[in-house]
Amino acid sequence: MIINYESLVTIYADISAIILVVGLMVLSGRIHTKNFESKLFLTICILIVMDALGSAGSYAMHYQSPGWCASAEMFFKTFMEVSALLLVFVWMLYVDYKLYASKDHILRNFKIHGVITAFFEIMLIINPLTRIMFTLDGNNWFVPTPLYHLMEFVEIAYVALTFYQLHNYRKNNNKLHFFKISPMMIPIFIGLLVSEFTNFAAIPLGLSIGVISLYFSMMKTFRYEEMGTGFYNKAYLSELSTIAGTIGYDYLCAICININEEECFKKSLIKEIPKDREIIHLEKGKYLFFTDKGKMNLIKMLKVMLMDAAAEYEDNHKGVDVGLEVLSVNRKKNESADDFIKRFM
Amino acid sequence: MTFNNLLNISDLNQGTIMMNFAAILLLAVIMVHTNMFRKRGFLTDKLFFALIIIDMVIAVTDSINYTLYFSSFNLADEVINVSDHLFCLAVELFMMFFLFYLASIKSEGENLKRKFILYSIPMIIETICIIVNIFTKFMLYIDENNNYVETKYYVIIYLGVAVYGFLAAFELYRISKGLLVVLIAVVLIVPLWIVLTPDISSTAFYYGIILTYSHICMMNMEFYGEVTK
């Protein structure tokens, strides 16, 4: 078996990438929590491993002379391309879910993308028979067809869409989110550059470092979240204030909820408070979230619903005083958004 | 003109340089994402930071060596000589600090001090050997073609790493059996790599993988959970 140095280094890099990602999958308890987000993250990890396997396999077969090696290379290349396209598609869904935390939002917005992806996946799967996407010439060199270039364009468009989603989220929702795609994108970009300017393929290695970086970046944000409830802790306020100061969030109103019987009432509170709100648990029995003036009807409705839930709780638990109080605090005319937030720290 | 042509690097050394570059990227990622932990000022966090820096030194010195092997550059042999000795020292130092890091997770006070003193002994012996080698060239030297040559006594370096690895396995057994199993799997793969790919050196990358795994594992422990408060 002949493997030249370029192939050997690429295989080495691909297997290193597999070791890195498999270790993350085995050791991280967080990505085995069986919620939709962790399932998407786990899928991304598996697709990176598949992509690296495809890349290593195709490089191993590239300089071999027996006839079956050309077929094996075609198989590995197909495997790699199928994984790569799926990876970009799942990454796009993952970014959307990180921002909106809604499966419905994904179903509403990504039906057409799903159809396009499925079309190209089918084309890739039947490619070894039809050669509709790419073929290998007499020296086993890769020869793409126009349809393959179209698929590449779609992949680039999906990646661009993730940037657009992130930009659009801030613009439309005027809301803070901790999710950043740069930890994933920068190593991939460096991997692409290395592949471009050297004789080796380093994209799977870039992907693996990217996914590790993304995981570490996510772990950092957990310090703002309370385990179990999904509420934010007080440290979130200082982060919110810093970001409001730098990119100008325009919070006009703070809703404060004070409860005496916090432990018994927590379940009702989680049920009644809108899911898309960042609820900050300031201290025992004190909750807070920020909104703008246009949402005052929502606040009134929330107040009524919480009062009803409190009354029902008191009826069911005789002698218990929930002591619920819902207050709205408005921003002063000349007060900046970050100063307004600092008032509650 | 490609990157390799630009630096006139020997064809057989480009893979090592790429893997070291990947190691530096991985270490930079770990460094950026652990800044929050370092702010706590715990001994464990300081040791982890030291491990990142030492591994970066390994990656840089290894890259310098592989860039200059077979080079016609005038001062190449002197630079490789310094860089090679630094590399050997850093490889040992990494293992010692990794052991200190593991020991500091569950031990403290006098017990920890005793462990640190005990664990420093192999490092002191290795350092003496490396210093003696500068004058006697009994372990490794650079020949007239600027090629790196290891003698049979170079096994001392591997022995030092093995001793620290063995002690680290004991410490890990107390801390996280899951991490121990995964690291043993990695350690078993590495010798296979060395045999199959003698022209590619990726010590820094594999040390980077050990740091990544350790960080993932420790972040999920109650000990690291304190940072969320």
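In this text the structure is predicted, and so the values were computed from the model without any measurement. (Residues numbered from 1 in each chain as written. Chains lettered and ligands numbered in written order. Predicted model: local features only at pLDDT ≥ 70, side-chain atom pairs only at ≥ 80, totals over all residues. Heavy atoms only, no water.)

Some details on the packing of helix α5 (residues 76–106) of chain B against helix α7 (residues 155–175) of chain B
All names here are of chain B. Running from amino to carboxyl end, α5 crosses α7 at an angle of 15 degrees, the nearest separation of the two axes being 9 Å. Here α7 runs roughly parallel to α5, going by the angle between their axes. Of the two elements, α5 crosses α7, and the hand of that crossing is left-handed. When α5 is examined against α7, the residues Cys88, Val91, Glu92, Met95, Met96, Phe98, Leu99, Leu102, Ala103, Ile105 and Lys106 are found in contact with a partner set consisting of Ile157, Gly160, Val161, Tyr164, Gly165, Leu167, Ala168, Glu171, Leu172, Arg174 and Ile175. Across the contact of α5 with α7, the residue classes break down as 16 nonpolar, two polar and four charged. (Axes fitted to C-alpha atoms, helices over the stretch in contact; angles between N-to-C directions. Helix = DSSP H or I, 4+ residues; strand = E, 2+ residues; numbered from the N terminus. Parallel < 35°, antiparallel > 145°, perpendicular 65-115°, else oblique. Left-handed = near helix turned anticlockwise from the far one by under 90°. Contact = heavy atoms within 4.5 Å. Nonpolar A, V, L, I, M, F, W, Y, C, P; charged D, E, K, R; others polar.)

Topic: unusual backbone geometry
Phi at Arg131 of chain A takes a positive value of approximately 55 degrees, unusual for a residue other than glycine. With phi around 55 degrees, Lys137 of chain B is a residue other than glycine that occupies positive phi space. Mapped onto the secondary structure, Lys137 of chain B falls in the loop between α6 (109–136) and β1 (140–142).

Thoughts on the confidence of the model for chain B
All names here are of chain B. Averaged over chain B, the pLDDT score is 82; the fraction of residues at 70 or greater is 89%. No element of chain B has a lower mean pLDDT than helix α1 (residues 3–7), at 47, and none a higher one than helix α4 (residues 43–68), at 90. Low confidence marks residues 225–229, where pLDDT is under 50. Its contacts with residues over four positions away, or in another chain, come to nine contacts. (pLDDT = per-residue confidence, 0-100.)

A look at the packing of aromatic side chains
Residues and elements named next belong to chain A. Inspection of every chain in the model, using the stated rule, returns 23 aromatic pairs over all chains. Ring geometry for Phe36 and Tyr97: centres 4.9 Å apart, planes at 75 degrees, overall edge-to-face. Of this pair, Phe36 sits in helix α2 (residues 36–62) while Tyr97 sits in helix α3 (residues 67–100), placing them 61 residues apart in sequence. With relative accessibility at 26%, the residue Phe36 sits in the partly exposed group. (Phe/Tyr/Trp six-rings, centres within 6.5 Å; stacked < 30°, edge-to-face > 60°. Buried < 20%, exposed > 50% of the residue type's maximum accessible area, 1.4 Å probe, protein only.)

Some words on the packing of helix α1 (residues 5–27) of chain A against helix α2 (residues 14–33) of chain B
How two helices pack is summed up by the angle between their axes together with the distance between the axes. Where α1 of chain A contacts α2 of chain B, the two axes come as close as 10 Å, and the packing angle between them is 25 degrees. As far as their axial angle goes, α2 of chain B and α1 of chain A are roughly parallel. Judged by the twist between their axes, the crossing of α1 of chain A over α2 of chain B is right-handed. The residues of α2 of chain B that touch α1 of chain A, namely those facing Tyr5, Val9, Tyr12, Ala13, Ser16 and Leu20 of chain A, are Gln14, Gly15, Thr16, Met18, Met19 and Leu26 of chain B. Split into classes, the residues belonging to the contact of α1 of chain A with α2 of chain B amount to eight nonpolar, four polar and no charged.

Looking at the interface of chain B and chain A
Taken together, the 43 residues of chain B in the interface contact 37 residues of chain A. In total, about 3400 Å² of surface goes out of reach between chain B and chain A, with carbon and sulfur atoms giving 78% of it. For the pair chain B and chain A, the number of links is four residue pairs in polar contact (both at pLDDT 80 or more). Contributions of two or more residues to the side of chain B that touches chain A are made by α1, α2, α3 (35–38), α8 (177–196) and α9 (203–219) of chain B. Of the residues assigned to the side of chain B that touches chain A, the class counts are 26 nonpolar, 15 polar and two charged. (Buried area = accessible area lost by both parts, 1.4 Å probe. Polar contact = N/O pair within 3.5 Å; in protein donor to acceptor, adjacent residues only side chain to side chain.)

A closer look at the sheet that holds strand β5 (residues 286–291) of chain A
All names here are of chain A. The four strands are arranged β4-β5-β3-β6 in an open sheet whose pairing can be described as antiparallel. For this open sheet the edge positions go to β4 (280–283) and β6 (325–330), each flanked by a neighbour on one side alone. Put simply, the sheet's adjacent strands are angled 25 degrees from each other on average, direction ignored. Both strand β3 (residues 253–258) and β6 contribute to a ladder of six bridges, which runs antiparallel. Considered in β6, the bridge of Ala254 is made with Val329. (Pairing = 2+ DSSP bridges.)

Section: the confidence of the model for chain A
Here chain A averages 82 in pLDDT, while 87% of its residues score no lower than 70. When pLDDT is averaged over each helix and strand of chain A, the minimum, 65, is found for helix α10 (residues 262–272) of chain A and the maximum, 93, for helix α5 (residues 111–130) of chain A.

Section: the side chain of Glu121 of chain A
Residue and element names in this part refer to chain A. By the secondary structure assignment, Glu121 is in helix α5. Despite its burial, Glu121 remains without a salt bridge, the nearest opposite charge being carried by Lys77 at 16 Å. Among residues more than four places away in sequence, those in contact with Glu121 are Val82, Leu85 and Leu86. (Lys, Arg positive; Asp, Glu negative; His and termini not counted. Salt bridge = Lys/Arg side-chain N within 4 Å of Asp/Glu carboxyl O.)

Quick notes on α5 of chain A
All names here are of chain A. Given a rise of 1.5 Å per residue, 20 residues ought to cover 28 Å, and the 27 Å separating the end C-alpha atoms of α5 matches this to within 8%. By the largest-angle criterion, Leu124 marks the main kink of α5, which is about 30 degrees, and a proline, Pro128, follows within four residues. For α5, every residue scored as buried is listed here: His113, Thr117, Phe120, Glu121, Met123, Leu124 and Asn127. Positioned one or two residues after α5, Arg131 has a phi angle of 55 degrees, which is positive. (Expected span 1.5 Å × (residues − 1). Bend = angle between axes of the 7 residues up to and from the residue.)

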